[in-house]
Amino acid sequence: MDKHELGRYLRSHREKLTPETVGLPVAGPRRTPGLRREEVAQLAHISTQYYTRLEQARGPHPSRHVLAALGRALRLNDAERAHLYTLGGQQAEPPGPSADVPDRILDLIERLPHTAAVVLDARYDVLAWNPLAAALLEDFSARPRRERNMIRRYFLDPDPARRHYGITDADGAFGRFAAGHLRAAAARYPGDHATQELVRELLSSSPEFAALWPDPEVSDHRRLAKTIEHPQLGPITLDCDILLVPERDQHVVLFTAEPGTHAHEQLRLLAVIGTQQLT
């Protein structure tokens, strides 16, 4: 880690931005170009003192979490973010599935008020969701991070009615897809402890998963129709599309309904009531 190079890199990108470009109010005249240090710290959710020490080459070794937050705050592109990791003494590519959801994807799912959207990593951990997804599936924020994995939930939840959020799966299609998908992810990330531990847990605790694991088939479903048994509104039949975010090895799952249909009206109702009836 070159602290002086890191500090210069942070300062250079800070000076290229303005409050307007990052959605901050302009507070009085500025003697120097770019954002102030406290503004970058605010955007990155770290202390101004800590950020100042990083710029002045006096800070401690930054974690991947801090570098990811700084990359988002400074609006770095993929190549710039990779260089930031290198200067910070971290691997440019994560050893396991990336948990850094691109800002454009977070903005996208927030701009879809009548679409339930979740973002999954390669391990099928739920990384981000919009309010309608929380109302349709569950309030993910109320779950410990470890319990937000859709594959673990599917195979290991003790309540069969809850294990796939009430989504119909009579022929076990999701189970086959999940086993094949996790098999491929484990091959891509052989050194990732969390992925390998998930595989070991499923093999030892789920006979169904253990039976599917040897199958080399990896399915590639991108558009499906799913019926979700919602606890308040009953069955809701929706289109399910899966979009890829290849640079992060992530998936955006979108649940939609044709305008004018009963399912569309149910989604509109859920958008109004949110999670208030789910607690």
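Coordinates for the structure precede this section.
Only a predicted model underlies this, so the values are computations on that prediction, with no experimental measurement involved.

What counts as what
- Residues numbered from 1 in each chain as written.
- Predicted model: local features only at pLDDT ≥ 70, side-chain atom pairs only at ≥ 80, totals over all residues.
- Heavy atoms only, no water.
- Phe/Tyr/Trp six-rings, centres within 6.5 Å; stacked < 30°, edge-to-face > 60°.
- Helix = DSSP H or I, 4+ residues; strand = E, 2+ residues; numbered from the N terminus.
- Buried < 20%, exposed > 50% of the residue type's maximum accessible area, 1.4 Å probe, protein only.
- Lys NZ or Arg CZ within 6 Å of the ring centre and 35° of its normal.
- 1 Å grid on protein atoms, 1.4 Å probe; cavity = no way out; pocket = protein on both sides within 12 Å on 5 of 7 lines; lining within 4 Å.
- Points joined across faces, edges and corners; volume = space filled by probe spheres on them.
- Nonpolar A, V, L, I, M, F, W, Y, C, P; charged D, E, K, R; others polar.
- Core = buried A, V, L, I, M, F, W, Y, C linked by side-chain atoms within 4.5 Å.

Draft legend 1. Main features of the packing of aromatic side chains. This structure, assessed with the given rule, holds eight aromatic pairs. Taking 6.4 Å as the distance between ring centres and 45° as the angle between the ring planes, the aromatic pair formed by Y124 and F174 counts as tilted. On the criterion of sequence distance, the pair formed by Y124 in the loop between β1 (116–120) and β2 (126–129) and F174 in helix α9 (residues 173–188) is long-range, its members being 50 residues apart. Residue Y124 shares its accessibility class with F174, and that shared class is buried. Counting every residue linked through ring pairs, the aromatic cluster contains Y124, Y154, F155, F174, F177, F209 and W213. We note R64 situated over the ring of Y85; from NZ or CZ to the ring centre the distance is 4.2 Å.

Draft legend 2. Layout of empty space enclosed by the protein. According to the stated counting rule, one finds one cavity of 30 Å³ or more in the structure shown. Considering only enclosed or pocket space, the largest cavity measures out at about 30 Å³ in volume. Taken together, A68, R72, R81, D100, V101, P102, D103 and R248 make up the lining of the largest cavity. Broken down by class, the residue content of the lining of the largest cavity amounts to three nonpolar, no polar and five charged.

Draft legend 3. Representation of the nonpolar core. By size, the foremost hydrophobic cluster in this structure holds 40 residues, and its most contacted members are V118, Y124, L136, L137, M150, L238 and F255. With six residues, the single largest contributor to this core is α9. In terms of nonpolar packing, the next biggest core, distinct from the first, is built from 25 residues, A41, A44, A68 and A69 among them.

Geometric descriptors of this kind do not, in isolation, establish any biological role.
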